[in-house]
Amino acid sequence: MRALLEVFRQSLTLLMGAVIVQAVMSWVNPYHALSPILDALTRPYLRPFRRFQVGGVDLSPLIVLLIIQVLLLVVSTLDVTFLTQLKVSI
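(A) Broad picture of the environment of L66. Here L66 shows up in helix α3 (residues 60-89). Classification of L66 as exposed rests on a relative accessible area of 52%. With 50 residues separating them in the primary sequence, L66 and M16 have C-alpha atoms 9.6 Å apart.

(B) Seen up close, helix α2 (residues 35-46). Of all the positions in α2, only S35, L38, T42 and L46 are classed as buried. Buried residues of α2, viewed axially, fall in a sector of 65°; they line one side. Opposite the buried face of α2, by more than 90 degrees, sit the exposed residues P36 and I37.

(C) Layout of the packing of helix α1 (residues 2-28) against α2. Their axes nearest at 9 Å, the elements α1 and α2 cross at an angle of 115°. As for the relative orientation of α1 and α2, their crossing is left-handed in sense. Of the residues in α2, those in contact with L15, A18, V19, V21, Q22 and M25 of α1 are S35, L38, D39, L41, T42, Y45 and L46. Residues of the contact of α1 with α2, tallied by class, amount to nine nonpolar, three polar and one charged.

How each quantity is defined
- Residues numbered from 1 in each chain as written.
- Predicted model: local features only at pLDDT ≥ 70, side-chain atom pairs only at ≥ 80, totals over all residues.
- Heavy atoms only, no water.
- Helix = DSSP H or I, 4+ residues; strand = E, 2+ residues; numbered from the N terminus.
- Buried < 20%, exposed > 50% of the residue type's maximum accessible area, 1.4 Å probe, protein only.
- Arc of directions from axis to C-beta.
- Axes fitted to C-alpha atoms, helices over the stretch in contact; angles between N-to-C directions.
- Left-handed = near helix turned anticlockwise from the far one by under 90°.
- Contact = heavy atoms within 4.5 Å.
- Nonpolar A, V, L, I, M, F, W, Y, C, P; charged D, E, K, R; others polar.

Quick look at the structure:
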């Protein structure tokens, strides 16, 4: 169980890094060689939130990052709860 939570946490961290790098590269150099790869990785997660724009600025990376942070908090809580139950069982 704990290993599964750790894999999920690492996956969320990797996605968070990909979203940040993709967002920065879209402003700095959108035609970089890594852009298509990062776009393919992040598009499924960003697509549902693409309609949220303020003044022509796409806020979908910000929304996805907030959701990832909430999920990381939930995973950490589950991990602590799991460890507490394990200690009580022993």
